[in-house]
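Geometric and topological summary
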Amino acid sequence: MAAANYLPSEDQFLCSICLDVFTDPVTILCGHNFCKSCINEHWDANDQYMCPMCKRLFNTKPELHVNTFISEMVAQFRQSAQQKASSSSSEQQVSKPGEVPCDVCTGTKLKALKSCLVCLVSYCETHLEPHLTMSGLKRHQLIDPVENLEGRMCTKHDKPLELFCKTDQTCVCMLCTVLDHKMHDVVPLKEYEGKKAELEAEIQQMIQKRRLKIQEIKHSVDLSEEDADREIAEGVQVFTSLKESVERGLNELINTIKEKQKTTEKQAKSFIKELKQEISELMKRSTEVEQLSRSEDHLHLLQSVQSLKNNQPPPTKDWTEVSIRPSSYEGTVVRAVVQLEETLSKEMKKLLESELKRVQQYAVDLTLDPDTAHPNLILSHGRKQVRTGKVKKNLPDNPERFSLIPCVLGKQSFSSGRFYFEVQVKGKSEWDLGVARESVNRKENIPLNPEDGYWTIWMINGNEYEALAGHPVLLSLKSPPQKVGVFVDYEEGLVSFYDVDAAALIYSFTGCSFTEKLFLYLWPGNNEDGKNSAPLIISPVRVN
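Residues numbered from 1 in each chain as written. Predicted model: local features only at pLDDT ≥ 70, side-chain atom pairs only at ≥ 80, totals over all residues. Heavy atoms only, no water.

1. Looking at the sheet that holds strand 10 (residues 186-188)
In sheet architecture, strand pairing relies on hydrogen bonds along the backbone and comes in two forms, parallel and antiparallel. Pairing is antiparallel across the open sheet formed by three strands, whose spatial order is 9-8-10. The open sheet is flanked by strand 9 (170-172) and strand 10, the only strands paired with a single partner. Taking each pair of neighbouring strands and ignoring which way they run, the sheet shows an average axis angle of 35°. Note that strand 8 (residues 163-165) and strand 10 share three bridges and pair antiparallel. Looking at the pairing, cysteine 165 lines up with valine 186 of strand 10. (Pairing = 2+ DSSP bridges. Helix = DSSP H or I, 4+ residues; strand = E, 2+ residues; numbered from the N terminus. Axes fitted to C-alpha atoms, helices over the stretch in contact; angles between N-to-C directions.)

Here you go:
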């Protein structure tokens, strides 16, 4: 029977999401309980149906029904808690540390229930009674108990701070409004009670934005993981193919050398066999001559020797010039390495073609900014082309314009993400292109390098290519590029240049630290003799 009067503790009736007593408690398939609205909001915010407690994932949204048993237990708990609170309110409580004590109590200080802004005194239940019953005191303004009531009084007029001056953004008393804050926009403090709701809504909005940012970051991590897995798979495939090519080339090299050695050994065995046969025949003739030498019949000896001379001599040949020359292996390894290099070049070309296609997906539509163009430059009507003219135009020397170097920036800027564009350089004998940061010096002749805000490559003297990386880096290109692609990854700090037609990487600036807006940068080169009159053209990107 004692069990019938047992009421579990408050912790057993708390929702693990809102951390408050259950409202419409529901049980999901894994057995855990939540407020119906809490679990629905949790699932809507996370786009998946997972239990917040055990992390069990459901393929479809479970059907929710109120758990009547827990609902009844919660109702009993609420009723018991209310009865307990009601009974405790009738008993006077001694003030504890951190609580506001009654200012009237002598000896043991009881807990204050209200503070009076007129009397500037805090009262316990007993001493508060006159303010609740006497007509004169009923007009006093009571608030929840607070400490430092003097701080709520106007230090100049010793009156309660009941108003707020919007003009000076400060709390004032009634006398302030007719003296120091006359003609100011003043409103009662009560009007600012609604600010709490606005502040709460603002906080909730900030929380929601941060939850969405968490989802965005998680999504970015998932995308990054997918990219990493794809790159790893492609890398494994490429390096496995290269490894197989190397092993195949090595096996072919070994077999070639062994075949040459076998040919040498076979030839040597043939010569040895032939020599042994001749030796055998000669040894037979030697035996016959030896037998004749033992005969004392000189006539017979003479006739036999004469007969041997007249007979066919044993088959022999002149071995003086015969020799076995070691097989020549000169160039064998070199040719194998050259073949491997050709294979690697083919694989590299495939990789670069694939990489170029990927970066071309970040193509942007750019135009040139006439406000930045040097007066000697001539821009096309669509602002996609620029060339150097012979006449300096009379243009305003605005802060954005390059005054000394005949160059121009793009109209569009980028301060995050990735972007790609292509510039046609066909028919040019010199040019410079890349990206520049917003704060570059536009009025002086300064070096074109990353330290001064330029990430560019150039071609000069008709066939010399360099990357302007502080100390110029000489570029060795197999063929002159007709169209140069530029790819920028702002967060990665990467600027790469490509020969678009050859699908070849020209040069990459890595480890860059971008902190400002970046713009397209073009220098079409000098045009004094008319040999460099072709324009630089921002070309539409066509993915091969």
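Moving on, there is more to tell.
2. With respect to the confidence of the model for the protein chain
The share of residues in the protein chain with pLDDT of 70 or more is 90%, and the mean pLDDT across the chain is 84. Segment residues 1-6: pLDDT under 50, and one contact once partners within four positions in sequence are set aside and those in other chains are kept. (pLDDT = per-residue confidence, 0-100. Contact = heavy atoms within 4.5 Å.)

3. Some words on the layout of surface pockets
In this model, the largest pocket occupies a volume close to 690 Å³. Looking at the largest pocket, it is lined by 21 residues, and the ones nearest its centre are Asp227, Tyr362, Arg418, Phe487 and Asp489. It is helix 6 (residues 194-293) that provides the largest number of residues to the lining of the largest pocket, a total of seven residues. Empty space within the second largest pocket amounts to approximately 460 Å³. (1 Å grid on protein atoms, 1.4 Å probe; cavity = no way out; pocket = protein on both sides within 12 Å on 5 of 7 lines; lining within 4 Å. Points joined across faces, edges and corners; volume = space filled by probe spheres on them.)

4. Section: empty space enclosed by the protein
It is the rolling of a water-molecule-sized probe over the atoms that shows where space remains empty. On inspection of all chains with the given rule, the structure shows one cavity of 30 Å³ or more. If you add up the space inside the largest cavity, you get close to 30 Å³. Every residue along the wall of the largest cavity is listed here: Trp431, Ile457, Trp458, Tyr465, Glu466, Leu475, Leu477, Pro481 and Ile506. If you list the elements that add at least two residues to the lining of the largest cavity, you get strand 16 (454-460) and strand 17 (464-467). Of the residues contributing to the lining of the largest cavity, the split by class is eight nonpolar, no polar and one charged. (Nonpolar A, V, L, I, M, F, W, Y, C, P; charged D, E, K, R; others polar.)

5. Considerations on the pairing of strand 20 (residues 494-499)
In terms of burial, strand 20 is a largely internal element, six of the six residues being buried. Neither face of strand 20 is open: one carries Leu494, Ser496 and Tyr498, the other Val495, Phe497 and Asp499, and all of them are buried. Where strand 19 (residues 483-489) hands over to strand 20, the hairpin turn is made up of four residues, of which glycine 493 adopts a positive phi near 70°. Pairing of strand 20 with strand 21 (residues 504-509) involves five bridges; the strand directions are antiparallel. Each residue of the ladder has a partner; that of valine 495, found in strand 21, is phenylalanine 509. (Buried < 20%, exposed > 50% of the residue type's maximum accessible area, 1.4 Å probe, protein only.)

6. Some thoughts on the nonpolar core
Membership of the largest hydrophobic core comes to 36 residues, with the highest contact counts inside it found for Trp431, Leu433, Val484, Val495, Phe497 and Leu522. Dropping the residues within four chain positions of it, valine 484 is found in contact with Phe421, Glu422, Val423, Val425, Trp431, Leu433, Ile457, Phe497, Tyr498, Val500 and Ile506. Formed by 18 residues, the second largest nonpolar core is a distinct cluster that contains Phe13, Val21, Val26 and Met73. (Core = buried A, V, L, I, M, F, W, Y, C linked by side-chain atoms within 4.5 Å.)

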